[in-house]
Amino acid sequence: MDTSDSVSKGFFIHNPKNDKRKHQDPLSEIVSEDWYRGYSKVWRSIEKRLSNIEDDAMQALLKDLVNFIKKPHSSINQIPTVILLTGVNLPDHSVLFNKFRHKLRKDITHHVVMLSSNDCTSIKHTVEHITCQFMKKSEDAYVMDIDDSDSEISDTHLKKSDCNLHSLVNWYNNLKRNRSQLVIVLKDFEGFQTTVVSQLILILSGYLEYLPITLVFGVATTEAAVGESLSHKITSRLNLKVFQSQPSVYFLNNTVNKVLLSSECPFQLSGKLFNFFTSIFLFYDFSVNRFIQGVKYCVMDHFYNNKVVSLLCRKEMKLMKYVSKLDNDCLKEIREIPSFKKFIEDSKDDKLVTDDDYTKEEILKQLLLLRRAIKEFYSGVHVLYKLVKGLPQAPLGKQFREVYCTAMSKDITKTSEYKECNQILLKFLSKDELESMLKEILCILKVGGEGFCWAVADLKKLNDELQNIGLNPVSNIEESPTKIDLNVKNRSQLRKKLAEMSSKGPKKVGYEIIREKIIDFLMASLIPSCITPYTEWTVLWELVTIRDKEARNKVVPRIRGPIHTALNNPHQYLLCDCCKLEDDAEILPTMPDICIAYKLHLEGGPLINLYDWLQSFSTIINPGRSLDNADDVDPTTQARFTQAVAELEFLGFIKSSKAKPDHVTRLTWGTNK
């Protein structure tokens, strides 16, 4: 047998076919769709503005932190330590610390270690993490923001035995620039065990002569948390400096006022939806990041559910370009939008139904009017906010977002709070406050567009009157005062005379008259003309306003309903014929054990007897069992029942009863009596 012939017949090389379907990105189809391109373009511009505002808000704090770490510390017995009060908005802490690390690496040192309490359960693990992150440049530690050519750390694999402070000292001495600071950040100080932190401080203080270490404690509560956790012996080894980050509400107001609640934003949030997101922020997590992610989901859902939105939810300067791209399907969809459909019915113009070119012109016209109405609406809200933000008890709220929510939800000028603000302004607004307020309002109206030309002209006249007015009474003060005739004969005449005198009231000074004229012009003329919700009278407002009622359940899902549905009717999710119910109260033996146990436990009272529960469970899964041997439950059934009960306990439906050991207590959704 020829060996070469055998080999040639036995080995063949086949290049695999280039099957694009196997390597195709599952998101590629979505990314190529029109709605996604429109959404991504809009959201990228929003994210860019959000990032700039975030950087500006944190700039002062980060600068102070860097200056403290950079300056030399004379004491060799105390570790320079920063207490960074971050607030309770835990989901946003990672953003702050990432920017802090980037700032440190840019201005001071590349050697920054981030520690989390989850990874530092003992002093041994803590030291290993510190030395590993300092000495090792790898993916499982951290990646430096410098080029490989400038790296001072070798890529050699570190052994666990080398992860100690003695090795760290040797590594530091071998650095090209061995004067670099070594910064150790404990992101969640309260989560660390007290003994671990105490031992770490004692150990590091002994190495200050060899290692220029700086500690940073991220504290979510107050600076007292450090003193309560660490003894005086430990804190005496620290040179403490406290820094306070801005509260999360400050970041929310910055984000909302400058980006989302602006006429420059391509989309608008309805009052109820915005109030929902704000309530989650204030009453649950104080997370600006989750607030933004919730809005992001609603924007994406808004674009996805309406093809026309991706074309027309744009800035004013680009509307003409995208209106011209509308095809027959888009025009048909627009004609079915409620506000435009009503506009066609009211105008009785047949061309809006038959002539596509004419319809496009009208759509562009209405969209431009809509953008103008939104711009005027925001100007009106800003004017009102300037007037009422400093009033006692703040009837309409202290924040711009509060005034916006009310104005978007209803006609704010007809509310009792609006009337109360009007009365307070007439009574307590001083001349200096009014002058300053008028300057700010005039600036707002000038930016608001040509629609406020009349208001600007009238306000300038009133402002001139205010500047020229004195505080003298309107009547001639040199005129001799009128003598009051109190020559009365009885109480009835005296009462009438006093009532007549009180009805005349004191004379108004010139400032009071002009103040009343200005407040009346603003509150009764200017603001009502532009602050009516544009959703009540404009056309095609549905394209730019996000008001999806289902967004609440999608962003913050309701857990109770789906869990009950899954356990009460598993066919809803499993889609199997064996679990299909003809009646909601029916219990089938083919259902999962936990579903059978759950439906049986719903029939019990506050306390459920485990033996009775087991017997009912056994009867269902073994329908042919003889009732004479009801007490004999096979071990398999007992094991299945025990597991189902344990799963229900894990989910929080029941708990063991201390009063009766053979009973369990129901915990959820009331009890049946």
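None of these values were measured; they are calculated from a predicted model.

The helix and strand tally for the protein stands at 31 helices and 10 strands. A buried classification covers 43% of the 673 residues belonging to the protein. Within the protein, residue pairs in contact and separated by at least 24 positions form 71% of the contacts whose partners lie at least 6 positions apart. As presented, the protein carries roughly 38,800 Å² of accessible surface, and 51% of it is formed by carbon and sulfur atoms.

Another aspect to go through is the sheet that holds strand E5 (residues 238-244). Spatially, the five strands line up as an open sheet ordered E2-E3-E4-E1-E5, and their pairing is parallel. Both edges of this open sheet fall to strand E2 (112-115) and E5, since each of them pairs with a single strand only. Across the sheet, the mean angle separating the axes of adjacent strands is 20° when strand polarity is ignored. Pairing between strand E1 (residues 79-85) and E5: seven bridges, direction parallel. Among the inter-strand pairings, Pro80 is bridged to a residue of E5, identified as Asn239. On top of the sheet, helix H4 (residues 34-70) reaches E1, strand E3 (182-186), strand E4 (213-219) and E5; it is set at about 170° to E5, its chief contact.

Turning our eyes to something else, we now look at the packing of aromatic side chains. Tallying each qualifying case throughout the model produces 25 aromatic pairs. Residues Phe134 and Trp171 carry aromatic rings whose centres are separated by 6.2 Å and whose planes lie at 25° to one another, so their mutual orientation is stacked. On the criterion of sequence distance, the pair formed by Phe134 in helix H6 (residues 123-135) and Trp171 in helix H7 (residues 165-173) is long-range, its members being 37 residues apart. By relative accessible area, which is 1% here, Phe134 ends up buried. Geometrically, the ring pair formed by Phe340 and Phe343 is tilted, given 5.9 Å between the ring centres and 35° between the ring planes.

Right, let's get into the pairing of strand E10 (residues 663-666). Direction of pairing for strand E8 (residues 607-609) relative to E10: antiparallel, over a ladder of three bridges. Across the sheet, the residue bridging to Leu607 is Thr665, located in E10.

Two numbers describe how helix H19 (residues 356-388) lies on helix H25 (residues 510-530): the axes approach to 7 Å, and their chain directions differ by 150°. From H19, Glu376, Phe377, Gly380, Val383, Leu384 and Leu387 reach across to H25, where they touch Leu522, Met523, Leu526, Ile527 and Cys530. A class-by-class count of the residues in the contact of H19 with H25 yields nine nonpolar, one polar and one charged.

One finds Phe267, Phe291, Leu312, Leu384 and Leu387 to be the most contacted residues of the largest nonpolar core, which totals 124 residues. Counting residues per element, this core draws most heavily on H4, at 15 residues. If near-sequence neighbours (up to four positions away) are discounted, Leu387 is found in contact with Leu425, Met437, Ile441, Leu522, Met523 and Ile527. Counting 37 residues, the second largest nonpolar core, distinct from the first, contains Leu85, Val197, Phe217 and Val226.

Further remarks concern the pattern of salt bridges. Where charged atoms of side chains with opposite charge meet at close range, the side chains can pair. All chains considered together, the criterion is met by 14 salt bridges. For Lys296, the salt bridge goes to Glu47, with nearest N and O atoms at 3.8 Å. Of this pair, Lys296 sits in helix H13 (residues 288-304) while Glu47 is found in helix H4, placing the two residues 249 residues apart along the sequence. A relative accessible area of 23% means that Lys296 is categorised as partly exposed. Two residues, Asp346 and Lys342, come together in a salt bridge whose shortest N-O distance is 2.9 Å. Taken together, the positions of Asp346 and Lys342, both in helix H17 (residues 338-347) and four residues apart, correspond to about one turn of that helix.

Before going further, it helps to examine the confidence of the model for the protein. Predicted confidence across the protein gives a mean pLDDT of 83, with 85% of residues reaching 70 or more. Counted against residues more than four places away or in other chains, residues 138-156, with its pLDDT under 50, gives 36 contacts. Counting interchain partners and residues more than four positions distant, the pLDDT-below-50 stretch residues 471-482 has 11 contacts.

The subject of this paragraph is the packing of helix H29 (residues 593-601) against helix H30 (residues 610-621). The geometry of H29 relative to H30 is characterised by a closest axis approach of 10 Å and an angle of 130° between their N-to-C directions. On the basis of the axis angle, H29 is oblique to H30. The way H29 lies across H30 gives a crossing that is right-handed. For the pair H29 and H30, the contacting residues are Asp593, Ile596, Ala597, Leu600 and His601 in the first and Trp613, Ser616, Phe617, Ile620 and Ile621 in the second. For the contact of H29 with H30, the class distribution of residues is seven nonpolar, two polar and one charged.

Positive phi, normally seen in glycine, also occurs at Ala394, with a value near 45°. Within the secondary structure, Ala394 sits in the loop between H19 and helix H20 (400-409). On the basis of relative accessibility, which here comes to 11%, the residue Ala394 falls in the buried class. A positive phi angle, near 65°, is found at Leu540, a position not held by glycine. By the element assignment, Leu540 lies in the loop between H25 and strand E7 (545-546). Exposure remark for Leu540: the relative accessible area of 0% places this residue in the buried category.

Reading the values: the criteria
- Residues numbered from 1 in each chain as written.
- Predicted model: local features only at pLDDT ≥ 70, side-chain atom pairs only at ≥ 80, totals over all residues.
- Heavy atoms only, no water.
- Helix = DSSP H or I, 4+ residues; strand = E, 2+ residues; numbered from the N terminus.
- Buried < 20%, exposed > 50% of the residue type's maximum accessible area, 1.4 Å probe, protein only.
- Contact = heavy atoms within 4.5 Å.
- Areas by Shrake-Rupley, 256 points an atom, 1.4 Å probe, with all protein chains shown as cover.
- Pairing = 2+ DSSP bridges.
- Axes fitted to C-alpha atoms, helices over the stretch in contact; angles between N-to-C directions.
- Phe/Tyr/Trp six-rings, centres within 6.5 Å; stacked < 30°, edge-to-face > 60°.
- Nonpolar A, V, L, I, M, F, W, Y, C, P; charged D, E, K, R; others polar.
- Core = buried A, V, L, I, M, F, W, Y, C linked by side-chain atoms within 4.5 Å.
- Salt bridge = Lys/Arg side-chain N within 4 Å of Asp/Glu carboxyl O.
- pLDDT = per-residue confidence, 0-100.
- Parallel < 35°, antiparallel > 145°, perpendicular 65-115°, else oblique.
- Left-handed = near helix turned anticlockwise from the far one by under 90°.

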